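Analysis of the macromolecular model
Single-letter residue listing:
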Amino acid sequence: SGHTPDAGHGENTRPGTDPYYFGPAEQVEVRAQNTDSTPGAKLPDGIAVNLVNPGTDPSDAAAESLEPDPEPSSYAGTVSKPRIHGRTEWHARKVDCCKYEDTIRAGFVHHTETYNDYSKREVPRLLRSIQTYHMRHQGWADIGYNFLVDKWGRIWEGRACSADDAVRGAHTLGFNKDTMGVALIGSYKSNSAPKAALNGAKSILWWKLKAYGRNPKGSVSLRSEGSNKWRKGRWVKFRTISGHRDAESTDCPGDALYDDLWYFRKG
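Right, let's walk through the structure included here.

Thresholds, definitions, all that
Residues numbered from 1 in each chain as written. Predicted model: local features only at pLDDT ≥ 70, side-chain atom pairs only at ≥ 80, totals over all residues. Heavy atoms only, no water. Pairing = 2+ DSSP bridges. Helix = DSSP H or I, 4+ residues; strand = E, 2+ residues; numbered from the N terminus. Contact = heavy atoms within 4.5 Å. Axes fitted to C-alpha atoms, helices over the stretch in contact; angles between N-to-C directions. Expected span 1.5 Å × (residues − 1). Buried < 20%, exposed > 50% of the residue type's maximum accessible area, 1.4 Å probe, protein only. Patch = residues over 30% accessible without salt bridge, like charges linked within 9 Å, V, L, I, M, F, W, Y side chains within 5 Å. Areas by Shrake-Rupley, 256 points an atom, 1.4 Å probe, with all protein chains shown as cover. Salt bridge = Lys/Arg side-chain N within 4 Å of Asp/Glu carboxyl O. Phe/Tyr/Trp six-rings, centres within 6.5 Å; stacked < 30°, edge-to-face > 60°. Lys NZ or Arg CZ within 6 Å of the ring centre and 35° of its normal. Polar contact = N/O pair within 3.5 Å; in protein donor to acceptor, adjacent residues only side chain to side chain.

A separate point is the sheet that holds strand E5 (residues 179-184). Strands sit in the order E1-E4-E3-E5-E2-E8 across an open sheet of six strands; the sheet is mixed. Of all the strands in the sheet, the pair left with one neighbour each is strand E1 (84-85) and strand E8 (241-243). Here strand E3 (residues 147-149) pairs with E5 via three bridges, running parallel. Note on E5: the bridge partner recorded for Phe147 is Val182. With respect to the sheet, helix H3 (residues 195-211) is in contact with E1, strand E2 (106-111), E3, strand E4 (155-157), E5 and E8, its orientation differing from that of E5 by roughly 170 degrees.

Rendered as structure tokens:
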């Protein structure tokens, strides 16, 4: 999993994979495979499957009728704030640990690598699952992403306070400072993200970046806090809207979504 733990939360937590949402299930079968080609290499000790039950809430059904904002007619000039569905709408766990930044200089695009065949009313449960996994099993202070976008293009506030402020997330190893993380809900390794999802992610990226005076079509230099790709202290030039894999060695946000990053930068 390629995310930086929150300060004081999870530095000593054992790393894990990204979460996988199964939906209703009675049994889960997992196979662990060692990709280390070193002779005699063995699987790590103590491999465990952490199961999360997000529960149901009667108001989850309200997600059926929530609609996204239409795509802005123009990205020139000021971009209006898109509709953001707040944490109360997905019944997030309450936290009191927002770490505020002075600005946002870049946005990193992710995918949650959960399955794509989810329904509208499942989205709140899916978000609760990710938050619980990040907090309970990764040891983080809150859900790692600042925003999440479902396949209908609806934008959901992830990390607390992100809708109104510049808030440090736990989404991109070595580059969480002064950046935002936007995750498309689903797996986009080989499947292209729906146009609605691309539009939703683009809207939140452009609005938030322009609010802090950034050019979404431009570039920015960020100082690494240490990742498996860029050593600590090195200044790295990124596109203002970049993919997770640009910052570290990971396949996120999936090959198909990474190939679509040009669309986010088109104004």
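Picking up after the structure, the text goes on.
Here the focus is H3. The end-to-end C-alpha distance of H3, which contains 17 residues, comes to 24 Å, matching closely the 24 Å that a straight helix rising 1.5 Å per residue would cover. Most of H3 sits inside the fold, with 13 of its 17 residues counted as buried. One or two positions beyond H3, positive phi appears at Gly213, with a value near 75 degrees.

Judged by side-chain polarity, Val28, Val30 and Val49 come together as a nonpolar surface patch covering roughly 240 Å² of accessible area. Among the secondary structure elements, Val28 is positioned in the segment before E1.

Mapping Ala211 onto the fold places it in helix H3. Take Ala211: its relative accessible area is 53%, and that puts it in the exposed class. For the pair formed by Ala211 and Lys81, sequence separation is 130 residues and the distance between their alpha carbons is 9.2 Å.

Turning our eyes to something else, we now look at the packing of aromatic side chains. Counted under the stated rule, the structure contains six aromatic pairs. Between Tyr118 and Trp152, the aromatic rings sit 5.5 Å apart at their centres with planes inclined by 80 degrees, giving edge-to-face as the arrangement. Pair noted here: Tyr118 is in the loop between E2 and helix H2 (123-137) and Trp152 is in the loop between E3 and E4, with a separation of 34 residues, a long-range link. On the basis of relative accessibility, which here comes to 25%, the residue Trp152 falls in the partly exposed class. The ring of Tyr258 has Arg245 lying over it, and the distance from NZ or CZ to the ring centre is 4.7 Å.

As a further point, take the environment of Leu209. One can find Leu209 in helix H3. Sequence separation between Leu209 and Thr179 is 30 residues, and the spatial gap between their C-alpha atoms is 9.3 Å. In contact with Leu209, other than residues within four places in its own chain, are Ile104, Arg105, Ala106, Gly107, Met180, Arg214, Pro216, Thr240 and Ile241.

Here we take up unusual backbone geometry. In this structure, Pro253 follows Cys252 across a cis peptide bond, with omega equal to 15 degrees. A positive phi angle, near 60 degrees, is found at Glu113, a position not held by glycine. For Glu113, the position within the fold is in the loop between E2 and H2. One non-glycine residue, Asp178, lies in positive phi territory at about 60 degrees. Tracing the backbone shows Asp178 in the loop between E4 and E5. Accessibility expressed as a relative area gives 13% for Asp178, which makes it buried.

A word on the side chain of His85. Along the chain, His85 falls in strand E1. Of the polar contacts made by the side chain of His85, one reaches the side chain of Glu89; its length is 3.3 Å. Each residue touching His85, except ones within four places of it in the same chain, is listed here: Leu66, Glu67, Arg154, Ile155, Trp156 and Glu157.

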